[in-house]
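Residue-level structural notes
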Amino acid sequence: MKIASWNVNSIKARLPRVTEWLQEFSPDVVMLQELKCIDENFPFMEIEDLGYNLSVHGQKSYNGVAILSKHPIEDVMIGLPGDENDEQARYIEATIKTVRIGGLYLPNGNPLPGPKFDYKLAWMDRLIVRAKELLAQEEMFILGGDYNCCPKDEDCYDPIRLAGDALMQPETRDRYFTLLNLGLTDALRQFYPSGHNYTYWDYQGGAWQKDNGLRIDHLLLSPQAADRLVKCGIDRVPRGKERASDHTPIWCELDID
DNA sequence: ATGGTTGTGTTACAA
């Protein structure tokens, strides 16, 4: 079963890129982030016509997450628990076959210090709580998406230049590594233990052409899912196309029916 | 070099 995550930076602007990629790559499950549209405006038909079921958690202009699946989507949970006043559409969780899938769009957190960075850290604390709850069930799960976190300096093309960015802060990294220390596995690093494996390139300054990227999209696996991990990779092809998202898909394959 | 790009939805804000 192929499971992917992609921050599309507007599903409406990206629909041609998304549909061609679904047909070429044929993932079983996809977590999408930054839909930038309300549920009613999501292009359901165009994606359902390709054989995908859909669960969408949209929002006007900003954020928005979805899960696509060739298999039935069950027990959908909208929103990350822990703050009833949080109205940003950044989390969706559902069960597909025997795997619990959590699709997330972690807050960017810039500028810092300030309320946006505080919100990011609080959101990460809530994600840690949710990860603990899922781990207690001792079943297969994946927490995937745009984490807006460069775990290490090697995950950034110029760590000096971006040292002040929220994606690089020790407080951000500490919380990311707390997730790993709970027992989650960074799927990509199982196959590419070190080096540059970027998933995001800024639109500005020819970042893509210069390979000035960041590794900020991650697939974190529960121990039961990691036991079935066959392969993981980053598909750079969509980033090089016309009208591309600034992110490109990350995917993994699990050995399950 | 205090800029640059893309998207939403109105011309400001987020990334």
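Look above for the structure.
Only a predicted model underlies this, so the values are computations on that prediction, with no experimental measurement involved.

1. Comments concerning the packing of helix H3 (residues 115-136) against helix H4 (residues 170-181)
Packing of H3 against H4 brings their axes to within 10 Å, and their N-to-C directions diverge by 5°. Here H3 is positioned roughly parallel relative to H4, judged by the angle of their axes. The segment H3 lies against H4, with Phe117, Lys120, Leu121, Met124, Asp125, Leu127, Ile128 and Ala131 engaging Glu171, Thr172, Arg175, Tyr176, Thr178 and Leu179. Split by residue class, the contact of H3 with H4 holds 8 nonpolar, 2 polar and 4 charged.

2. Considering the nonpolar core
Within the largest apolar cluster, 25 residues are counted, with the highest numbers of intra-cluster contacts made by Ile3, Ile142 and Leu254. When residues of this core are traced back to their parent elements, those giving at least two are strand E2 (29-33), strand E4 (65-69), strand E6 (91-96), strand E7 (99-105), helix H5 (187-191), strand E12 (217-221), strand E13 (229-234) and strand E14 (250-254). Not counting chain neighbours up to four residues away, the residues in contact with Ile3 comprise Val29, Met31, Ile101, Ile142, Leu219, Ile250, Trp251, Cys252 and Leu254. Membership of the second largest hydrophobic core comes to 21 residues, among which are Val18, Phe25, Cys37 and Leu54.

3. Points about the packing of aromatic side chains
Between two aromatic rings, the relevant description is the distance of the centres plus the angle of the planes. Per the stated rule, a full pass over the model turns up 9 aromatic pairs. Connected via pairs of aromatic rings, a cluster forms that spans Trp6, Trp21, Phe25 and Trp251. A cation over a ring is seen here: Lys2 above Phe25, with NZ or CZ 4.0 Å from the ring centre.

Criteria and cut-off values
Residues numbered from 1 in each chain as written. Chains lettered and ligands numbered in written order. Predicted model: local features only at pLDDT ≥ 70, side-chain atom pairs only at ≥ 80, totals over all residues. Heavy atoms only, no water. Axes fitted to C-alpha atoms, helices over the stretch in contact; angles between N-to-C directions. Helix = DSSP H or I, 4+ residues; strand = E, 2+ residues; numbered from the N terminus. Parallel < 35°, antiparallel > 145°, perpendicular 65-115°, else oblique. Contact = heavy atoms within 4.5 Å. Nonpolar A, V, L, I, M, F, W, Y, C, P; charged D, E, K, R; others polar. Core = buried A, V, L, I, M, F, W, Y, C linked by side-chain atoms within 4.5 Å. Buried < 20%, exposed > 50% of the residue type's maximum accessible area, 1.4 Å probe, protein only. Phe/Tyr/Trp six-rings, centres within 6.5 Å; stacked < 30°, edge-to-face > 60°. Lys NZ or Arg CZ within 6 Å of the ring centre and 35° of its normal.

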